[in-house]
Protein chains: 2
Amino acid sequence: MRNRATAPAEFSITDLCKESGITTRTARHYEDIGLLSPSRRGQTRVYSSADRTRLRLILRGKRLGLSLEDSRQIIDMYEPGKTNVDQLNSLIDAIRQQREKLNQQLDDIGNLLKDLNQSEAACIDALNTTGDS
Amino acid sequence: MRNRATAPAEFSITDLCKESGITTRTARHYEDIGLLSPSRRGQTRVYSSADRTRLRLILRGKRLGLSLEDSRQIIDMYEPGKTNVDQLNSLIDAIRQQREKLNQQLDDIGNLLKDLNQSEAACIDALNTTGDS
DNA sequence: AGTGGATATTACGTTAACGTCAACGTAAGC
DNA sequence: GCTTACGTTGACGTTAACGTAATATCCACT
């Protein structure tokens, strides 16, 4: 059981960036704006698997067209921390708003997929018509 | 049957913008970059229902996080126009790539919705626990 | 004739999300 | 001791997608 290939618990900046498909500049930028806060060994950044998870969430947000600020808010939703009742309520509101946006997106994607299917069919049709004669 | 409230075939810029939730500046910007090309009555822009449809497609793209250039490409897919075989083939490729992106988005949305559900449940839980004692 | 409202053009300003140097430190290997 | 690779901190540049005046025109009222 020893020496089993376990997932590493620490990452250098280049490793993290390579596996995530971003540049180091981007990772540092995310740190500048407080989206990531890796620990340091001397000057050098050391990323934990928690940092890696945060980054993954950020990138998922980007794929959905969210701004970094949006992603920050959503990620913050995951750890309410402050157990103030008002905050919790407004948090629930925010969650429901996000859900509405996502449902709208689901709808949009469905329609766009339909459109694409039609376009593709038309293309293939045109190709066949051209090919025969 | 006369005088039935038919959808208007022409729109002023303010009407179009109001119903679409954008500013006139935005509409003019889309024209600047060639995304819209309304006809003119003198100097004044006149938008057809085709223009309106294009705008709707652009806005749908925005909701999905697409850039205006992306939207332009997708919209152009709808009217192949040039029936060159190579173009059709690369168009089909583009369509398939788009479809992959959309499927990824579907996946992301599903996961994000799950996360949000959990967060909301945790919030409600926290509220109840605080409320009781 | 004057006023108000919608339209137009021109042009500079702004924000987000990085890109792109420059200049430097440090540890590894030959 | 020199190169190579990876790391650091500035700091200015860039692109997209508009915002924000400033100024001018045209048409309908009063």
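Residues numbered from 1 in each chain as written. Chains lettered and ligands numbered in written order. Predicted model: local features only at pLDDT ≥ 70, side-chain atom pairs only at ≥ 80, totals over all residues.

*Asks:* I keep staring at the overall build of chain A and nothing clicks. Help me out?
*Replies:* Within chain A, the regular secondary structure consists of 5 helices and 3 strands. Along the chain direction, N to C, the helices and strands of chain A fall in the order β-α-α-β-β-α-α-α. A globule of 133 residues ought to have a C-alpha radius of gyration of about 14 Å, yet chain A, at 22 Å, is considerably larger. By its C-alpha atoms, chain A is 75 × 45 × 35 Å across when sized along the principal axes. Taking all 133 residues of chain A together, 20% fall into the buried category. The long-range fraction of contacts in chain A, counting pairs at least 24 apart against all pairs at least 6 apart in sequence, stands at 38%. (Helix = DSSP H or I, 4+ residues; strand = E, 2+ residues; numbered from the N terminus. Rg over C-alpha atoms; globule rule 2.2 N^0.38 Å. Buried ≥ 20, exposed ≤ 12 C-beta atoms within 10 Å, placed from the backbone. Contact = placed C-beta atoms within 7 Å.)

*Asks:* Explain the relation of the copies chain B and chain A here, please?
*Replies:* Between the two copies of the chain lies a relationship made up of a rotation around an axis and a movement along it. Superposition of chain B onto chain A requires a rotation of 180° combined with a translation of 0.0 Å along the rotation axis, giving an RMSD of 0.1 Å. Both copies are brought into coincidence by an operation consistent with a two-fold rotation axis. Residue Gly65 of chain B, judged by its C-alpha, is the member of chain B lying nearest the rotation axis, at 1.9 Å. (Least-squares fit on C-alpha atoms with pLDDT ≥ 70 in both.)

*Asks:* I keep staring at the sheet that holds strand β2 (residues 39–41) of chain A and nothing clicks. Help me out?
*Replies:* Sheet strands pair via backbone hydrogen bonds, and the direction of the pair is either parallel or antiparallel. Residues and elements named next belong to chain A. Within the open sheet, the 3 strands sit side by side as β1-β3-β2. Their pairing is antiparallel. Either end of the sheet is taken by a strand with one partner, and the two such strands are β1 (10–11) and β2. Here helix α3 (residues 49–63) sits on the sheet in contact with β1 and β3 (44–48), set at roughly 80° to β3. (Pairing = 2+ DSSP bridges. Axes fitted to C-alpha atoms, helices over the stretch in contact; angles between N-to-C directions.)

*Asks:* How do you make sense of the protein's contact with DNA strand C when you look at a structure like this?
*Replies:* By nearness alone, 14 residues border DNA strand C, and Ser67 and Leu68 of chain A together with Ser12, Thr14 and Arg45 of chain B come closest of all. Mapped onto the surface near DNA strand C, the elements with two or more residues apiece are α2 (24–32) and α4 (68–77) of chain A together with α1 (13–20) and β3 (44–48) of chain B. Among the elements that line the surface near DNA strand C, the one with the most residues is α2 of chain A, at 3 residues. Among the residues making up the surface near DNA strand C, the classes are represented as 2 nonpolar, 8 polar and 4 charged. (Near = placed C-beta within 6 Å. Nonpolar A, V, L, I, M, F, W, Y, C, P; charged D, E, K, R; others polar.)

*Asks:* How should the interface of chain B and chain A be read in this particular structure?
*Replies:* Accessible area lost on assembly of the parts is the figure often given for the size of an interface. Contacts between the two partners involve 32 residues from chain B, matched on the other side by 32 residues from chain A. Broken down by secondary-structure element, the contributors of at least two residues to the side of chain B that touches chain A are α3 (49–63) and α5 (85–131) of chain B. In terms of residue class, the side of chain B that touches chain A is built from 19 nonpolar, 7 polar and 6 charged.

*Asks:* Help me understand the pairing of β3 of chain A, please; the structure alone is not making it clear to me.
*Replies:* Residues and elements named next belong to chain A. Residues of β3 alternate between two faces, with Arg45 and Tyr47 buried on one and Thr44, Val46 and Ser48 left unburied on the opposite face. Of the pairings in the sheet, the one linking β1 to β3 comprises 2 bridges and is antiparallel in character. Across the sheet, Glu10 pairs through a bridge with Ser48, a residue of β3. Count of turn residues in the β2/β3 antiparallel hairpin: 2 residues, of which Gly42 carries a positive phi of about 70°.

*Asks:* Help me understand the protein's contact with DNA strand D in this model?
*Replies:* Of all residues adjacent to DNA strand D, which total 15 residues, the nearest are Ser12, Thr14 and Arg45 of chain A together with Ser67 and Leu68 of chain B. Listed by contribution, the elements that provide at least two residues to the surface near DNA strand D are α1 (13–20), α2 and β3 of chain A together with α2 (24–32) and α4 (68–77) of chain B. Element by element, the count of residues in the surface near DNA strand D is highest for α2 of chain B, at 3 residues. A per-class count over the surface near DNA strand D returns 2 nonpolar, 9 polar and 4 charged.

*Asks:* Just checking my understanding: could you explain the environment of Ile92 of chain A for this structure?
*Replies:* Within the secondary structure, Ile92 of chain A sits in helix α5 (residues 85–131). C-alpha of Ile92 of chain A to C-alpha of Gly21 of chain A: the two residues are 71 residues apart in sequence and 33 Å apart in space. Setting aside its immediate chain neighbours within four residues, Ile92 of chain A contacts Glu120 and Cys123 of chain B.

*Asks:* Would you mind going over α4 of chain B with me for this structure?
*Replies:* Residues spaced three or four apart along an α-helix face the same direction, because each turn holds 3.6 residues. Turning to α4 of chain B, its buried residues are Ser71, Ile74 and Met77 of chain B. End-on view of α4 of chain B: buried residues confined to an arc of 115°, all on one side of the axis. (Arc of directions from axis to C-beta.)

*Asks:* Could you clarify how one ought to interpret the pairing of β3 of chain B in this entry?
*Replies:* A regular strand places its side chains on the two faces of the sheet in alternate fashion. Pairing between strand β2 (residues 39–41) of chain B and β3 of chain B: 3 bridges, direction antiparallel. Along β3 of chain B, the bridge assignment pairs Arg41 of chain B with Thr44 of chain B.

*Asks:* Can you walk me through the sheet that holds strand β1 (residues 10–11) of chain B in this structure?
*Replies:* Residue and element names in this part refer to chain B. Spatial ordering of the open sheet is given by β1-β3-β2, a layout of 3 strands whose pairing is antiparallel. Lying at the two open borders of the sheet, with one neighbouring strand each, are β1 and β2. Seen against the sheet, α3 touches β1 and β3 and runs at an angle of roughly 80° to β3.

*Asks:* Would you explain the environment of Gly21 of chain A in this entry?
*Replies:* All names here are of chain A. Its place among the elements puts Gly21 in the loop between α1 and α2. Accessibility expressed as a C-beta count within 10 Å gives 8 for Gly21, which makes it exposed. The sequence separation of Gly21 and Gly110 amounts to 89 residues, and the corresponding C-alpha distance is 28 Å.

Purely spatial values, then, with no claim about function.
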